[in-house]
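# Topology and contacts: notes
Spelled out, the chains give:
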2 protein chains.
Amino acid sequence: MSEKFTKNILGRNVPEKVNGIVQIPFMGIGKHKPSGKRHGPQLVSCSDFPSDGNKTVASLEQALLNAGLRDGAVISTHHHFRNGDLIALQIFEIAHRLGFKDLVWAPSASFECHKPLISYLEDGTIDHIEGSMNGALGVFASHGKMKGLGVLRSHGGRYQAIQDAELLIDIAVIAAPTADAFGNATGDRGPTACGLLGFALADAQFAHKVIVVTDNLVPFPCYPWQIQGNYVDMVVVMDQIGIPEKIVSGTTEITKSPDRLLLAELTARFCDEAGILKDGFSFQSGSGGTSLAVGYYFAEKMRAKKIKARFARGGSNKYLVSMLEEGLIDYILDGQTFDLEGVRSMRENENHINTSPFTSYNYHGKGNFASMLDVVILGATEVDLNFNANVVTHSDGLLKHGIGGWQNCLFAKCTILPIPLFRDRIPVIRDEVTTICGPGELIDVIITERGIAINPLQTDLIEKLKDSQLPLKTIQQLKDEAEAICGIPEKPVFTNKPIAVVKWVDGTLIDTVWQLEGEGG
Amino acid sequence: MSEKFTKNILGRNVPEKVNGIVQIPFMGIGKHKPSGKRHGPQLVSCSDFPSDGNKTVASLEQALLNAGLRDGAVISTHHHFRNGDLIALQIFEIAHRLGFKDLVWAPSASFECHKPLISYLEDGTIDHIEGSMNGALGVFASHGKMKGLGVLRSHGGRYQAIQDAELLIDIAVIAAPTADAFGNATGDRGPTACGLLGFALADAQFAHKVIVVTDNLVPFPCYPWQIQGNYVDMVVVMDQIGIPEKIVSGTTEITKSPDRLLLAELTARFCDEAGILKDGFSFQSGSGGTSLAVGYYFAEKMRAKKIKARFARGGSNKYLVSMLEEGLIDYILDGQTFDLEGVRSMRENENHINTSPFTSYNYHGKGNFASMLDVVILGATEVDLNFNANVVTHSDGLLKHGIGGWQNCLFAKCTILPIPLFRDRIPVIRDEVTTICGPGELIDVIITERGIAINPLQTDLIEKLKDSQLPLKTIQQLKDEAEAICGIPEKPVFTNKPIAVVKWVDGTLIDTVWQLEGEGG
């Protein structure tokens, strides 16, 4: 491979082309302005669709063939079933059996359940993945075993790329817990209810062919119609489309670790002292034990101050739902449900609203919800002295995670990363992160168990907290403390071969993920 | 004017160009297949929008100027306020005051309240109207006084034209009874609640610039968001955007006329005997006294038969709402509310669903709702011996009405026109209608007070009703009876100058409306 690279404004080497397509290097926040037009799929006519609205076909295989499955086709799926997805594997089993090659899988996220796809990556059925490569898939790619180059995008970046015609989907397969024969579909009810279907919105709107698969066909109209049948070509009924219990992946209980509880409590205190916790404020906090604990401390302070939040952004879970039902929050604007209480609440509570990467995260829109948040609480695998942060690779160089909504959320008015100062005796604050996923100027506060660093760019925050009793330090101090305890960490050794690129929210390349030296496992 | 004309498949002369744009003559139902792509507006970036989501600007004038108002611009409005719209006039008053010329007004429908726009059509502020020209505006155009050529489209045709880039809207102004500063907007609540905003959906999705005007600004998030703020450029707050009481235009009480009651009762009996009134069926019936009475008789029969309808399509009104609330209908799929009971019900009843011309009527989609209806009850000004029908002109040749959803509804499984055999001693059944709006092959049954004619193409219906006691006749018999009473009607005398074209649901030209001879009033 004789790839050419260019340095982006952060000094990171990024390829000039990705899978044959010319790229734009990251130019700084808000600097790249799109010049094209929104993608317009081929126009169709009702005269080519059944007038009685019945679009059912006998099998997924038949639907894929009707949709024009061919070598090199781009096929998308959504991840609302998270680790309980049963559809992606079926699609590529069918494609493999029929002998199709060089397909591109464009999921909105991948999970451990997708590990069996490795055999299709190995045998040439799948060329590469445009989307997150979690766990085993990421490790596979890190060792240079994926044929094409992976493309990592945030949830909003995925919508942006599909809308902007950067990612052209040939066939979208949308798993729908309830649907009618016309293709109207919802995720909030049915035996395999998974909450919502917002991650499939771009796919429905812009893919060339759209297939809804469901295990709960209801008479027209299926309502709510989170996916509108007017975008749908075919409907396939099957026994089971997903395992809803497995949407509960990752930590779903508040942490019991004293260190993590300290992080969470410090975060809530910080928000309180910074004046963020006031009546009508808004917040977003991820899943994971620490984030859940932040919500717990927020709720305590909100009760004490007799204030409520105007809205919280989900991923929703039982803790957020209980705040909604207690009246501490007016609205949950939810992107995905992280547990079955989230699913129940979305079905039952009118003010638990299903949103999408279009409303919440699309950077090539007329604004989005993410920048309206007063505060967002996020994680990171590494942070550097300029507050640049990494969420996709570990310090050993292995690709392990997708970006999720992380990049999009950085646009909140205040972005806080509560992170341990070290993990398994490996310091989290580095001279340079393995992979830059977010530019430091958008990251305002690092909260560790040994102190809090405010980004020097945030002069207002620093001024507000100048008399605080909080353990405020510089990020250099935090780094030094960690290294005094753990030593200076080693860096992974990479080849000069890229295995994936990391897109910024505007479609430009913010960094490259490199193949690790050695054979790998 | 040296226009060239061509004959379409129905033998009607239609211009080769309309306002400079080459046209396709009507080719038959389902014959024209679109070859282009869905319209993609210019991409934008969040970096050009306020990150706090506050898009308010001080005035409508400022918003129009910010949006790039210029000579020849196409400006759209919606008609959910029907005869109570207060926005369209303001727009053109501003444009007139600022000296802009040759604008195009693209409303989703016009009403008598828009009569004052005639002065702007006369002074060159407005070149022409792309949309319905009701009452005075139609008469004005019929006398050749409008500079450009009018373009009449169905509700679905308007969505199709905007989606297909046939009608490019520069600035959409969306009157919203409740909105937030981000532009999320709803029609179902607020002091001027008008029900829904579905007719503005295409405008929001595809216009270059989108302005929401509201008299009820609420904190983010405004929910439901019938219009999504992510499509909105600016928000203007004003004292009053519309007069909701005036959405009640046209007849809103069940007719007391014995002739009309007979029509309605015959229609219900016909549907019953034809096997249409069965459990789970669906229907659509317009506003107007006769249609309302059809609903009344349907309800009577449904109670007696202990059946219910799966869905009814609105325009909704108090009669349809009472059927929903009585449990005779599972869902109302509503396109516009015809009275304030409709507005209330949409706000309060979860199964009273706001729909749009996209879901219900767009012919260049992957199916739409209209063709799923078991029966639709519509009106007409004239019908010919081939069942071709007219809804836009009267027999005196004057343009008086818009098409509304009429053309779109013809795709129902059974289309019934209950019409009086004559109006003011002018027979309704003609050798040739003044203007063809719908091809006869889609019109199944004509029900008059003196007999019922089934379209000979509907052999199944004829077979089903062969032993019926209903007064079945041929359409020729009905015409003869009318002429025996009223005499043979005179035809209007037209010039060879077109004043408007009538588009079919696929964007082709089905007919032309001609200028009347003489000066006119």
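Residues numbered from 1 in each chain as written. Chains lettered and ligands numbered in written order. Predicted model: local features only at pLDDT ≥ 70, side-chain atom pairs only at ≥ 80, totals over all residues.

## Side note on the overall build of chain A
Helix and strand counts for chain A come out as 14 helices and 30 strands. The globule rule puts the C-alpha radius of gyration for 521 residues at 24 Å, and the 23 Å found for chain A is close to it. Seen along its three principal axes, the alpha-carbon backbone of chain A occupies a region of about 70 × 60 × 40 Å. The buried share among the 521 residues of chain A stands at 58%. If you take every contact in chain A between residues at least 6 apart in sequence, the share linking residues at least 24 apart comes to 73%. (Helix = DSSP H or I, 4+ residues; strand = E, 2+ residues; numbered from the N terminus. Rg over C-alpha atoms; globule rule 2.2 N^0.38 Å. Buried ≥ 20, exposed ≤ 12 C-beta atoms within 10 Å, placed from the backbone. Contact = placed C-beta atoms within 7 Å.)

## Remarks on helix 9 (residues 318–326) of chain A
All names here are of chain A. For helix 9, every residue scored as buried is listed here: Tyr-319, Leu-320, Val-321, Met-323 and Leu-324. Tucked inside the fold, the buried residues of helix 9 contact helix 8 (289–305), strand 16 (309–313), strand 17 (329–334), helix 10 (340–348) and strand 18 (352–354). Backbone geometry just after helix 9 places Gly-327 at a positive phi near 90°.

## As for the packing of helix 8 (residues 289–305) of chain B against helix 9 (residues 318–326) of chain B
All names here are of chain B. Between helix 8 and helix 9, the shortest axis-to-axis distance is 9 Å and the interhelical angle comes to 20°. Classified by the angle their axes make, helix 8 and helix 9 are roughly parallel. Regarding helix 8 and helix 9, the two cross each other, and that crossing is left-handed. Mapping the contact onto sequence places Leu-292, Gly-295, Tyr-296 and Ala-299 in helix 8 and Tyr-319, Leu-320 and Met-323 in helix 9. Partitioning the contact of helix 8 with helix 9 into residue classes produces six nonpolar, one polar and no charged. (Axes fitted to C-alpha atoms, helices over the stretch in contact; angles between N-to-C directions. Parallel < 35°, antiparallel > 145°, perpendicular 65-115°, else oblique. Left-handed = near helix turned anticlockwise from the far one by under 90°. Nonpolar A, V, L, I, M, F, W, Y, C, P; charged D, E, K, R; others polar.)

## Things to note about the domain arrangement of chain A
Residues and elements named next belong to chain A. Each assigned domain of chain A is listed here: domain 1 (52–130 + 167–248) and domain 2 (258–493). Distance from the C-alpha centre of domain 1 to the C-alpha centre of domain 2: 32 Å. Taken together, the contacts link 16 residues of domain 1 with 18 residues of domain 2. (Domains from an automatic or database assignment.)

## Re the packing of helix 9 of chain A against helix 10 of chain A
Residue and element names in this part refer to chain A. Two numbers describe how helix 9 lies on helix 10: the axes approach to 8 Å, and their chain directions differ by 35°. On helix 10, the residues touching Lys-318, Val-321 and Leu-324 of helix 9 are Glu-341, Gly-342 and Ser-345. Residue classes in the contact of helix 9 with helix 10 are distributed as two nonpolar, two polar and two charged.

## Description of the sheet that holds strand 30 (residues 509–516) of chain B
Residues and elements named next belong to chain B. Read from one edge to the other, the open sheet built from three strands follows the order 9-29-30, with strand pairing classed as mixed. At either margin of the open sheet sits one strand with a lone partner, and together these are strand 9 (150–152) and strand 30. Along the sheet, successive strands turn relative to each other by an average axial angle of 40°, direction set aside. Bridge count for strand 29 (residues 494–503) against strand 30 is six bridges, and the pairing is antiparallel. Considered in strand 30, the bridge of Lys-503 is made with Leu-509. In this fold helix 4 (residues 135–142) packs onto strand 9, strand 29 and strand 30, with an angle of close to 135° to the strand it touches most, strand 29. (Pairing = 2+ DSSP bridges.)

## A short note on the pairing of strand 17 (residues 329–334) of chain B
All names here are of chain B. In terms of burial, strand 17 is largely enclosed, as five of its six residues are buried. The pairing of strand 16 (residues 309–313) with strand 17 spans four bridges and is classified as parallel. When the bridges of strand 17 are listed, Arg-313 appears paired with Leu-333. With helix 9 bridging strand 16 and its parallel neighbour strand 17, the resulting β-α-β unit is right-handed. Note: strand 17 against strand 18 (residues 352–354), three bridges, orientation parallel. Residue pairing across strands places Leu-333 opposite Ile-353, the latter belonging to strand 18. (Right-handed = clockwise from strand over helix to strand, strands pointing away.)

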